[in-house]
Amino acid sequence: MTHRIHLRKFAFLLCIAVAAGCLAAAAEKPPLTAEWVYGEGSHVADVPEFQWLNDGTALLYDTRVPLAQRTLEKLDPASGQRHPAVDMKAAVASLASLAKDSGVKDALPWPDAIDGTGKQAVYVIQGNVFLLDLASSLFTGVTESAATEKDPEFSPDGRLISYVRENDLYVYDVAGRKETRLTSDGSQTTLNGTLSWVYWEEVFGRRDTAYWWSPDSRSIAYLQSDESGVPVSTFVDFAPVDPRIIHQVYPKAGERNPRVRVGVVKIGYPSTRWIEINDKPYEWVLRVKWLPDSTRVSVQTLNRTQIEMGLYFADSSTGVARLVLTESDPFWVNTSDDLFFLKDGAHFLWASERDGYMHLYRFQMDGKLTNQVTKGEWALASAGGVAAWLRRAVVGIDPEQDWIYFTALKESSIERQLYRIKGDGSGLTKLTTEAGTHRITMSLDARYYFDVYSNIRQLPALRLCGADGKTRQTLAPPRPELLPADMQYPELLTIPAEDGFPLPAQILKPKNFDPAHKYPMILFVYGMPSIPTIHNAWQPALLNNQLLLSDGYVVVGLDGRASTGISKKLENISVTNPDSTTADLVAGVRWLKSRPWVDGSRFGVWGWSGGGTMTLTLMTHSKEFKAGIAGAPVTDWRYYDSKTSEMVLGLPEEKAEGYERASLVKRAADLSGHVMLIFGSYDDNVHPQNEYAFMNELIKNDKMFEMMVYPMRKHGFTDPPARIHLSKTMREFWRKNL
């Protein structure tokens, strides 16, 4: 009897302890505020930084642990073992002895560059380059100049470090501790090894990638940009007392572009050999890549109308270039990073949309087609990156087993899965199994890969997988415990367009949703060609959307068919039928309004950049919306950069009618609903000229509007105070107008 009493007492106490633990866990859930969303909440989806090394091992850097515990780690994928690659405290102390005001205290950040062996790392601190030897945990100062260095890279053999200073290229001999200047004509208008803005934004996707080491570490190919004669835009700061004027080289539609050419300089012989492409005039240099023999370099070019791309192989010693193949499209040719030279020395892989879908093709080195590798009514697709318009789907090639690994949207346009296929097009196999998005980074020997996996309800996780697709180790699991209580997740669905086309969509409903109640709805849009917003992946905007749910709104996302990225055929509809995306979105809105739980009289719309443009388009071409917020919108494509404007609309002098028709400034008088315009005063992407021109027409037509300008912020606000303020500003607008 006494034994039973003790057991009952123990069980009672255990229940109390469990309940107390649950309450404590619930109490630890973060508050749902804008301050949390753009503070601690901005890190809930973080996964460790990583880089594969030449020997098949990898370096990791886990930003999810406290700063004082962070270090660079070496991972052996075969054993799964991890161990510190550096003594972090010693490295921090070493840096402090060289750069006292470095701002680095408890731990170094992820390096700016790592050599292929994983033995050396480079950091740019206060504009100077510092070299870290991981084994000794000691730093060496590489540069000590008043000018700023940027874009450091190691040579493939790790013996040299390259960087750009004042628009010229330099290399530093690690063993000899000697700097050599490779170019000497850099100036305010001549850029060597660094990009002009329009190239940085539109061609290389916000990466300052303008030089490339040869595989044998003996030469560098680089871009030289001549900006003379290119129009300059200005911005006015609010400081100091006499405000500074900022100048930006920015070609708009129809204006002069930077003149760019490819040069090759040999280390130790600093004179440039220019690549001569004379058979056809070109406007854009899209990509540069060395062939494995280090004697030839490939160059991709595009004409001004963007309907013809050329692939050239050039002799780096003579500069003579030979046209290997041409890609063409009646509207525009997309750029891809999927050019790979195969180990047999006789073939290369090339991605093309020549059949209407992005697929892989195998060519002989003279440009003759051997075979189409992938085929079908689906497309290769990259699974992530800095910019959505960068396309690289091939993640690894195993020449021994003849496997090509790539990501694609074969099963679903809103997912990214990993596949492999033989070079002759046989053996297509899907390797990933979970629905969602798999961001794949494969080891150089194609034996292992990192998979950053997420879905619309699950935070990202970092996994180590074998080439067979099986997970070997979860290196960083998702952390749902960091999320606020009562998180709501979107429902994925399709909504029929007017002709029945299934438009990808998602609906996010408040907690305790009551289908008998009528809810106001807010639609988020982007609407640009082949840049979808609907993904079965973790979406950072989900956290801020929880705030809108708490205010009683239903939040919806929707893509028109030209935005889905499914095919070039659908993408081209944005030219053949310029109103197609508007029509698709309006059809989707009307379908949503027909739901019994939607209050159709309280429908809002908003978007940023292209989404801001689409917001104004919808509000000037329909009467479906009570209110809308247009963030950083292009209102007239003559005000936007040459590359994107001309891609869709052509040259203004040839297609003036199209530019007039697409101008929202001309449609300002047709605005229906309450609108707020938001932008940064230093938006060097979509210039404030766009908003001012639209506002001026609203004023002329006695159309009331609201506006919020963020001083000296650029296109995307990155500082927490501005993002918090933006969230609160938008919520207040919705409360007043929806």
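Here, the structure is the one placed above.
Report follows, based on the coordinates. (Residues numbered from 1 in each chain as written. Predicted model: local features only at pLDDT ≥ 70, side-chain atom pairs only at ≥ 80, totals over all residues. Heavy atoms only, no water.)

The tally for this structure, following the rule as stated, stands at one cavity of 30 Å³ or more. Within this model, the largest cavity holds a volume of roughly 60 Å³. Lining the largest cavity are Asn544, Asn545, Leu548, Trp606, Ser727, Met730, Arg731 and Trp734. Elements supplying a minimum of two residues to the lining of the largest cavity: α5 (541-550) and α13 (720-737). (1 Å grid on protein atoms, 1.4 Å probe; cavity = no way out; pocket = protein on both sides within 12 Å on 5 of 7 lines; lining within 4 Å. Points joined across faces, edges and corners; volume = space filled by probe spheres on them. Helix = DSSP H or I, 4+ residues; strand = E, 2+ residues; numbered from the N terminus.)

Spatial ordering of the open sheet is given by β1-β2-β3-β4, a layout of four strands whose pairing is antiparallel. Here the strands that pair on one side only, and so sit at the sheet edges, are β1 (49-52) and β4 (82-84). With direction set aside, neighbouring strand axes in the sheet form an average angle of 25°. Alignment of β1 against strand β2 (residues 58-61), held across four bridges, turns out to be antiparallel. Each residue of the ladder has a partner; that of Glu49, found in β2, is Tyr61. (Pairing = 2+ DSSP bridges. Axes fitted to C-alpha atoms, helices over the stretch in contact; angles between N-to-C directions.)

Summed over the entire model, instances satisfying the criterion amount to 40 salt bridges. With a shortest N-O distance of 2.9 Å, Asp226 and Arg259 are connected by a salt bridge. In this pair, Asp226 sits in strand β15 (residues 219-226) while Arg259 sits in strand β18 (residues 259-266), placing the two residues 33 residues apart along the sequence. Taking the relative accessible area as the measure of exposure, Asp226 reaches 24% and is therefore partly exposed. With its nearest N and O atoms 2.5 Å apart, the salt bridge here joins Arg287 to Asp337. Within this pair, whereas Arg287 is found in strand β20 (residues 284-290), its partner Asp337 is found in the loop between β23 (321-328) and β24 (339-341), the two being separated by 50 residues in sequence. Relative accessible area serves as the criterion here: at 7%, Arg287 is assigned to the buried category. One network of salt bridges, in which partners are shared, links Asp329, Arg391, Lys568 and Glu571. (Salt bridge = Lys/Arg side-chain N within 4 Å of Asp/Glu carboxyl O. Buried < 20%, exposed > 50% of the residue type's maximum accessible area, 1.4 Å probe, protein only.)

Our next topic: the sheet that holds strand β21 (residues 296-302). Strand pairing in a sheet takes place through backbone hydrogen bonds and is either antiparallel or parallel in direction. Strand order in the open sheet formed by four strands is β20-β21-β22-β23, and the pairing between neighbours is antiparallel. The sheet is open, and its two borders are formed by β20 and β23, each paired with just one other strand. Taking each pair of neighbouring strands and ignoring which way they run, the sheet shows an average axis angle of 20°. Taken together, the six bridges between β20 and β21 define a ladder with antiparallel strand orientation. Within β21, the position partnered with Trp290 by the bridge is Val297.

This next bit is on the packing of aromatic side chains. Overall, the coordinates contain 26 aromatic pairs when judged by the stated rule. Pairing Trp378 with Phe406 gives two aromatic rings, centres 6.3 Å apart and planes at 10°, and the pair type is stacked. Of this pair, Trp378 sits in the loop between β27 (369-372) and β28 (394-398) while Phe406 sits in strand β29 (residues 403-408), and the two are 28 residues apart along the sequence. Here Trp378 matches Phe406 in class, with each residue buried. Ring geometry for Tyr710 versus Phe717: centroids 4.8 Å apart, planes at 50°, classification tilted. The buried category is assigned to Tyr710, whose relative accessible area is 5%. A network of ring pairs unites the aromatic residues Phe313, Phe341, Phe348 and Phe363 as a single cluster. One cation-aromatic arrangement involves Arg165 over Tyr170; the distance from NZ or CZ to the ring centre is 4.4 Å. (Phe/Tyr/Trp six-rings, centres within 6.5 Å; stacked < 30°, edge-to-face > 60°. Lys NZ or Arg CZ within 6 Å of the ring centre and 35° of its normal.)

Moving on to α5. Within α5, eight of the ten residues are buried, which leaves it mostly tucked inside the rest of the structure. Of the residues making up α5, those classed as buried are Leu542, Leu543, Asn544, Asn545, Gln546, Leu547, Leu548 and Leu549. Along its buried surface, α5 packs onto α2 (34-37), β37 (502-508), β38 (519-524), β39 (554-558) and α13. Immediately beyond the C-terminal end of α5, within one or two residues, lies Gly552, with a positive phi of roughly 100°. (Contact = heavy atoms within 4.5 Å.)

Below, the discussion takes up the nonpolar core. Residues Tyr199, Leu223 and Phe348 are the most contacted members of the largest nonpolar core, which totals 50 residues. Among the nonpolar cores identified, the runner-up in size contains 39 residues, and Ile495, Phe501, Val586 and Leu677 belong to it. (Core = buried A, V, L, I, M, F, W, Y, C linked by side-chain atoms within 4.5 Å.)

Below, the discussion takes up the packing of α5 against α13. Taken N-terminus to C-terminus, the directions of α5 and α13 make an angle of 30°; their axes are 11 Å apart at the nearest point. Relative to α13, α5 is oriented roughly parallel. Two packed elements cross with a definite hand, and for α5 against α13 that hand is right-handed. For the pair α5 and α13, contact is made by Asn544, Leu547, Leu548 and Ser550 and by Ser727, Arg731 and Trp734, respectively. Considered class by class, the residues forming the contact of α5 with α13 number three nonpolar, three polar and one charged. (Parallel < 35°, antiparallel > 145°, perpendicular 65-115°, else oblique. Left-handed = near helix turned anticlockwise from the far one by under 90°. Nonpolar A, V, L, I, M, F, W, Y, C, P; charged D, E, K, R; others polar.)

Before going further, it helps to spend a moment on unusual backbone geometry. Residues Ala239 and Pro240 are joined by a peptide bond in cis, for which omega reads -5°. Phi angles above zero are rare outside glycine, and Asn167 is one such case at about 70°. As for its placement among the helices and strands, Asn167 is situated in the loop between β10 (160-165) and β11 (168-173). Even without a glycine there, the phi angle at Ser609 is positive, about 60°. Structurally, Ser609 is set in the loop between β40 (598-608) and α9 (610-621).

The next point concerns the side chain of Ser336. Residue position: Ser336 is located in the loop between β23 and β24. According to the relative accessible area criterion, Ser336 is buried, its value standing at 7%. Of note is the side chain of Ser336, whose polar atom sits 3.0 Å from the backbone nitrogen of Asp338. Residues in contact with Ser336, not counting those within four places in the same chain, are Arg287, Gln300, Ala351, Met358 and Arg391. (Polar contact = N/O pair within 3.5 Å; in protein donor to acceptor, adjacent residues only side chain to side chain.)

Moving on: the environment of Thr581. Residue placement: Thr581 occurs in helix α8 (residues 580-593). For Thr581, a relative accessible area of 7% gives the class buried. Excluding its chain neighbours within four sequence positions, the residues that come into contact with Thr581 are Gly527, Ala562 and Met614.

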